[in-house]
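Observations on chain architecture
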Amino acid sequence: GASGRGKLARRVEGSVICARAAMARRGLTLALLALLAVLVAVFWSDILLLLALEEDRQHHQQGGESAGVSIDASDDKPGEDDDVALASAATEVGGVEEEEEGLASCVLPAAKRVVAIGDLHGDLSKARRALALAGLVDPETLDWVGGETVAVQMGDILDRGDEEVAIFELLEKLKAQAKRAGGALHVLLGNHDVMNVDGDFRYVTRGAYEESARWAMAAGETPKDSMKRTRYALMRPGGAIAKRFMAPNPLVVVVGSTVFAHGGLHPSHVRYGLDRMNGETRSWIEGTGERKALWFLNAKEAVIWSRVYSVQGKEECTMLEKTLQMIEGSVQRLVVGHTVQQPMGINGACSDQVYRIDVGMSSGMYDAEPEILEIIDDGREVRKVTFQSNAPSAQVLAKHITT
């Protein structure tokens, strides 16, 4: 009767509801399994990368320990003076008591006009603006118009910004154009550049990972199963980006009476040899040299990490004077980047024996307006050049009267 049909309908309805619930649970289970598979793939890729990094880092740390120093990547804290320890470390890894005879290859003759540009940190727009402010490039074509000017970029192309390789490529082009024009562009190595060769990607942006992956494909490099592994393959010693864009870059360059280094120079560095440090670093980045011997890249007082001349009111001026006197020739001043000088911008210290020129121009740092240092006639006049109403304006920082 009617009641029987009602019971049957309720049973059918209940079965349908149960079936739908079962299907929903099965769909949810399948979705969860798919998500789990993705997570496992990502974590497994990261585990493989970490294993590769750990193998290299153990090798690197053995070098730091054998030199009696520790590797410290605390980029945002000023270092404390430990030059005595580094001098001892230099001796332990084969440091020399006296400088090698003759001019090192990093020592270049004086130029009528020298300009220095601070840390760029992956900001292509600010890099272009700084190059134009320095009178080195046409703002539209980005071709070299600096003539015989000698330019030094202080390193730290990498990290904190999305357009690192684009900056490398621009600077590579300008190096060739400057040479043909009778000028020169020297790009130093900074601590963030070395960190990436070491496999330390803590400050790499998502955009930079994507850019390096695109560059790998365009360059015919075999992509890995994650962007991190792809970057590691490109940046590690002997990797395509490391070998092409970073290996040619020195730690230190001397132009006339001015020496340039990303973080700073200490007596132990000069005693070991500027050209020797440059050569050994290049061999390591090319994949043909050992990392463990490079004590001058480790710890807070390394060439790329030192801040002993850069912290306001805490400058080690006596050590700086000694360091400059040890460099062959009449070197009068040191130019450094690495430590952001805000809000004062480019400034001098230690009776104008050091100029600090990192103004944090990258949008990944302080997003400050670019400033450049200009040295005229080998130090007759030293100027800070800034934009005023979108036009270059020079402020004299020091004058040297010659007779």
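Nothing here was measured: the structure is a model prediction, and the numbers come from that model.

**Focus on the sheet that holds strand β11 (residues 381–388)**
- Read across the sheet, 6 strands follow the order β4-β3-β2-β10-β11-β12 without closing on themselves; strand pairing throughout is mixed. Because the sheet does not close on itself, it has two edges, and the strands there are β4 (184–187) and β12 (391–399). Neighbour-to-neighbour, the strand axes of this sheet turn through a mean angle of 20 degrees, independent of strand direction.

**Let's talk about the state of the cysteines**
- What the rule picks out here adds up to 1 disulfide.
- The partner cysteine of C317 in its disulfide is C350, sulfur to sulfur 2.0 Å. Handedness of the C317-C350 disulfide follows from its S-S torsion of about -80 degrees: it is left-handed. In this pair, C317 sits in helix α11 (residues 317–326) while C350 sits in the loop between β8 (347–349) and β9 (354–356), placing the two residues 33 residues apart along the sequence.

**A word on the sheet that holds β8**
- Strand order in the open sheet formed by 6 strands is β1-β5-β6-β7-β9-β8, and the pairing between neighbours is mixed. Whereas interior strands pair on both sides, the edge strands pair on one side only; in this sheet they are β1 (107–108) and β8.
- Where strand β6 (residues 258–261) lies against strand β7 (residues 333–336), 3 bridges are found, and the strand directions are parallel. Its bridge partner being in β7, V259 is matched across the sheet by L334.

**Details of the packing of helix α6 (residues 206–218) against helix α7 (residues 227–235)**
- Across the interface, α6 lies against α7 with an axial gap of 9 Å and an inter-helix angle of 65 degrees. Considering how the two elements wind past one another, α6 and α7 form a crossing that is left-handed. Contact residues: R206, A208, Y209, E210, S212, A213, W215 and A216 in α6; M227, K228, T230, R231 and L234 in α7.
- Of the residues assigned to the contact of α6 with α7, the class counts are 7 nonpolar, 2 polar and 4 charged.

**Re α6**
- With 13 residues, α6 extends 19 Å from end C-alpha to end C-alpha; this agrees with the ideal 18 Å at 1.5 Å per step.
- Listed in full, the buried residues belonging to α6 are G207, A208, Y209, E211, S212, A213, W215 and A216.

**A few points about the side chain of E371**
- Its place among the elements puts E371 in the loop between β9 and β10 (372–376).
- Of the polar contacts made by the side chain of E371, one reaches the backbone nitrogen of I346; its length is 2.9 Å.
- Discounting chain neighbours no more than four positions away, the residues touching E371 are L133, G345, I346, V359, K384, V385 and T386.

**Topic: the packing of aromatic side chains**
- Within this structure, the stated rule accounts for 6 aromatic pairs.
- Note on F201 and Y209: the rings are 6.4 Å apart at their centroids and 85 degrees apart in plane angle, and the pair reads as edge-to-face.
- We classify Y209 as buried; its relative accessible area is 10%.
- Joined through ring pairs, the aromatic side chains of F168, W215 and F245 make up one cluster.
- Above the face of the F387 ring, R129 is positioned so that its terminal group lies 4.0 Å from the ring centre.
- In this structure, R231 is placed above the aromatic ring of Y209, and the distance from its NZ or CZ to the ring centre is 5.8 Å.

**Section: the packing of helix α3 (residues 124–133) against helix α4 (residues 164–181)**
- For the pair α3 and α4, the least separation of the axes is 9 Å and the interaxial angle reads 25 degrees. Put simply, α3 runs roughly parallel to α4. Between α3 and α4 lies a crossing of right-handed hand. Contacts between α3 and α4 involve L124, A127, R128 and L131 from the former and A166, I167, L170, L171 and L174 from the latter.
- Looking at the contact of α3 with α4 residue by residue, the class counts come to 8 nonpolar, no polar and 1 charged.

**Examining the environment of R333**
- On the secondary structure map, R333 appears in strand β7.
- As a C-alpha pair, R333 and V354 span 21 residues in sequence and 5.4 Å in three-dimensional space.
- Excluding its chain neighbours within four sequence positions, the residues that come into contact with R333 are S257, T258, V259, L324, D352, Q353, Y355, I375, D378, G379 and V382.
- In terms of polar contacts, R333 uses its side chain to reach the side chain of S257, at 2.8 Å.

**Some thoughts on α3**
- Along α3, the residues that are buried comprise L124, K126, A127, A130, L131 and L133.
- Buried residues in α3 make contact with β2 (113–117), α4, β10, β11 and β12.
- By the N-cap criterion, in which a side-chain oxygen at the helix start approaches the backbone nitrogen of a residue two or three places on, α3 is capped by D123, the distance to S125 being 3.3 Å.
- Just past α3, the residue G135 takes up positive phi, approximately 70 degrees.

Analysis parameters
Residues numbered from 1 in each chain as written. Predicted model: local features only at pLDDT ≥ 70, side-chain atom pairs only at ≥ 80, totals over all residues. Heavy atoms only, no water. Pairing = 2+ DSSP bridges. Helix = DSSP H or I, 4+ residues; strand = E, 2+ residues; numbered from the N terminus. Axes fitted to C-alpha atoms, helices over the stretch in contact; angles between N-to-C directions. Disulfide = S-S within 2.5 Å. Left-handed = near helix turned anticlockwise from the far one by under 90°. Contact = heavy atoms within 4.5 Å. Nonpolar A, V, L, I, M, F, W, Y, C, P; charged D, E, K, R; others polar. Expected span 1.5 Å × (residues − 1). Buried < 20%, exposed > 50% of the residue type's maximum accessible area, 1.4 Å probe, protein only. Polar contact = N/O pair within 3.5 Å; in protein donor to acceptor, adjacent residues only side chain to side chain. Phe/Tyr/Trp six-rings, centres within 6.5 Å; stacked < 30°, edge-to-face > 60°. Lys NZ or Arg CZ within 6 Å of the ring centre and 35° of its normal. Parallel < 35°, antiparallel > 145°, perpendicular 65-115°, else oblique.

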